[in-house]
Amino acid sequence: MKRPTLLRLLVVALLCWTAAEVQAQWTVGLKGGITLTDPGRTNMGRVDETYSSMIGVEGGLRASYEFTDVLSLRMDLSYMQRTHYMKRNLNYLNNVFTIYTNSYLMLPIMAECTLGEDQFQVHMYFGGYGGYWMRAHVEGVTYWMTDYYINFDSFDENREFNVEDQRWAIGLVGGIGVSFDFTEHMGVGLEALYYYDLSTYHKGYTQLTDPRYLSTLSINLSLYYRFFKYEQP
Amino acid sequence: MRRNIIILAFVALIFSGCRKEADYHPYIGETDYLAYDSYATQFEYLWKCISTGYVFWDVEQTNWGDVYNTYMPKFADLDKKRLDYQDVTLKDLDTLYRGAFGGMIDHHMAVVIRNLFPSSTDTVAQLIVRPGQMEVEKRDYYIEPRAEEQNHLLAFLDGMEAEYDIEVHETATAPVVELSATVTYHYFLIKLADGRKIPYLWQSMAALTPVLRDPSSPAYELLDHWMKAITETPREQLAGIILDNRANSGGYQDDLDYLIGTFLNEKKEILKTRYKEGPGRLEYSVWASYCIDPLYKYHRDITAENIPYVILCDINSISMGEIEPMTIKAVLPTSYVIGERTFGGTGPLQPASSIDLNYGGPFGSSSTMMHYIYTSSFEAQINGKVNEGIGCIPDKTVLRKDYNGDFKPQLDAAIEYIRNYQ
């Protein structure tokens, strides 16, 4: 019994030492904000359908590891609404619309370049991301017809995914941000990140391809904690 | 630093080229795309229209991609044949279109094609492929096409007074412009041995609405009498109601107001419909709730009064001819369906002029264009199920095939059910 207990103690001590050493370079925090998503699709000749961007929300965690004063590795994990809107414009149907609220779990990994050596700093980001489409919510007004009447029906429901939906997403992300350290360890940031999908969320078919790429501008505020002391120059 | 930014921007530009462009999708029936000058491009156009606007992709068994891969080369071969100064006949085209479209589940579907380069040996102007009819003819209880059945059924109705105790028999025909047809109506007031009565109605198409909205229609009085017999006959004298939808080829959705709304006290959902919102095969709108309000022009709460409501249907009850028994059965607890499993064409239809509204449904023209495709505008769901290709399954099956095609046993079963109804 002695040997395993000793071994465990050694492992725990090693982990604590490693964590202390490693966490010295880490910054972690919470972030939240709004998104604006371009649906990246056309109406395919359906002249009365207009697709447009809509605002969604985003919230999650942020973490970065500082290699040098200038270069860090930044990783986030966030729940992001990538929302867009379809409206029909024909006279009879101009109150028909759908708001597509597509919720993704996003994992961007970016190189972070920091400018400035005082409490106020400017950051630039560039990297890639992976995402997973978790939920497809639709809300709006649809219609049904009889021989004499057009009737309208409002809806607000989750849509079931089908084989045409590509739920995994990859893409490029880049942006700019500013931060302000209000204590030795804590600060706030404001940043704008642009997510540019390289994968289509609609699979299409061999003989009839119809790729659709989301592009999302995310503007968020963050509150972060540095495990290392910020040192005034 | 500036150099790094330039490099990053350059990399981003390279990656932005990774996005593919979409193929152009003509939406179903798009008129700007109608010009085609070969059999292959005609087929490709129709294939794409069906790909984007057909409403049954979620239940369809045909692999549409395989259809393209199999038949495009065959249509291209026909083009080669023509360029070699050989005749391409409608029969050649019929074989290919029958193979390509023959397995579709849409039982309303009719594919009408005219020969782009008519052959001197063609004896007819166009070919017609009806996948639903092709499927129905394989069923073991199929007897005859609807038109022939209607003629036989009319002869049976003309002889009914000799077979049953009939207190009233009225018959009328009315032209219905929207259906491009003249509809025949028969109303019988059948008298049981105990003196109770059964108001019975048969119509060649589902066309109550245009007549009951127009008191000058030659069939107005007949339908008014049937509706009044149903709603005004004292309960002790009314044994039940029979709606005979055999060989009924469909018609007005609004007939449900009379056939269901008359018997409701509150608004009820009878089915759900959805349309093709986007070009993806499974890109539907949400299901919309299709509801019926109580109708008070004629009104009776047959549920509270426990009055049996029997609907007769058979293999040639098509479209509204079968949606009626399905929805009545779904909503009115005293209803009962007798006869045969129906045709299976359950998708609501709108005229080709509505194509820009629904992005699905009939398109083209058999007179002014080289194609006309008759296909459903909406997908319908009754009791949570899409019944396309299945139709209405009766509560009690009575097959005409088992009685040498006789119509009487099905009606006898309906009368017997009502007579014994508690």
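Everything numeric in this text was worked out from a predicted model, so none of it was measured. (Residues numbered from 1 in each chain as written. Chains lettered and ligands numbered in written order. Predicted model: local features only at pLDDT ≥ 70, side-chain atom pairs only at ≥ 80, totals over all residues.)

Side note on the overall build of chain B
The helix and strand inventory of chain B stands at 13 helices and 14 strands. In chain B, buried positions account for 47% of the 422 residues. Within chain B, counting contacts between residues at least 6 apart in sequence, those at least 24 apart form 74% of the total. (Helix = DSSP H or I, 4+ residues; strand = E, 2+ residues; numbered from the N terminus. Buried ≥ 20, exposed ≤ 12 C-beta atoms within 10 Å, placed from the backbone. Contact = placed C-beta atoms within 7 Å.)

Structural notes on the sheet that holds strand E3 (residues 166–176) of chain B
All names here are of chain B. The seven strands lie next to each other as E3-E4-E5-E6-E9-E10-E14, forming an open sheet whose pairing is mixed. Since the sheet does not close on itself, it has two edges, and those belong to E3 and strand E14 (396–397), each with one partner. Both strand E6 (residues 241–244) and strand E9 (residues 309–313) contribute to a ladder of four bridges, which runs parallel. What sits directly across from Ile241, in E9, is Tyr309. (Pairing = 2+ DSSP bridges.)

Here we look at the nonpolar core
Residues B:Tyr97, B:Leu223, B:Ile260 and B:Val310 are the most contacted members of the largest nonpolar core, which totals 111 residues. Residue-level mapping places this core at the junction of two domains, with at least three residues from each of domain 1 (26–133) and domain 2 (146–346 + 382–419) of chain B. Look past the residues within four positions of B:Tyr97 in its chain and what remains in contact with it is B:Val111, B:Ile113, B:Leu127 and B:Val129. By size, the runner-up hydrophobic cluster in this structure holds 16 residues, among which are A:Met80, A:Tyr129, A:Leu172 and A:Tyr195. (Core = buried A, V, L, I, M, F, W, Y, C linked by C-beta atoms within 7 Å. Domains from an automatic or database assignment.)

Here we look at the environment of B:Ile50
As for its placement among the helices and strands, B:Ile50 is situated in helix H2 (residues 39–53). Sequence separation between B:Ile50 and B:Ile105 is 55 residues; the distance between their C-alpha atoms is 13 Å.

Focus: the domain arrangement of chain B
Residues and elements named next belong to chain B. When the domains of chain B are assigned, the result is domain 1 (26–133) and domain 2 (146–346 + 382–419). The gap between the C-alpha centroids of domain 1 and domain 2 is 36 Å. Listed per partner, the contact involves 14 residues of domain 1 and twelve residues of domain 2. Broken down by element, the side of domain 1 that touches domain 2 gets its largest block of residues, three residues, from H2.

A few points about the environment of A:Ala192
Residue and element names in this part refer to chain A. Within the secondary structure layout, Ala192 lies in strand E8 (residues 186–197). Exposure remark for Ala192: the 15 C-beta atoms within 10 Å place this residue in the partly exposed category. Along the sequence, Ala192 and Tyr132 sit 60 residues apart, while their C-alpha atoms lie 21 Å from each other. Those residues in contact with Ala192, other than ones at most four positions away along the chain, are Gly175, Ile176, Gly177, Leu217 and Ile219.

Considering the interface of chain B and chain A
With 35 residues of chain B in contact, the opposing surface of chain A contributes 34 residues. Where the side of chain B that touches chain A is concerned, the elements lending two or more residues are helix H1 (2–16), H2, helix H3 (64–83), strand E8 (288–292) and helix H12 (355–358) of chain B. Counted by class, the side of chain B that touches chain A contains 16 nonpolar, ten polar and nine charged residues. (Nonpolar A, V, L, I, M, F, W, Y, C, P; charged D, E, K, R; others polar.)

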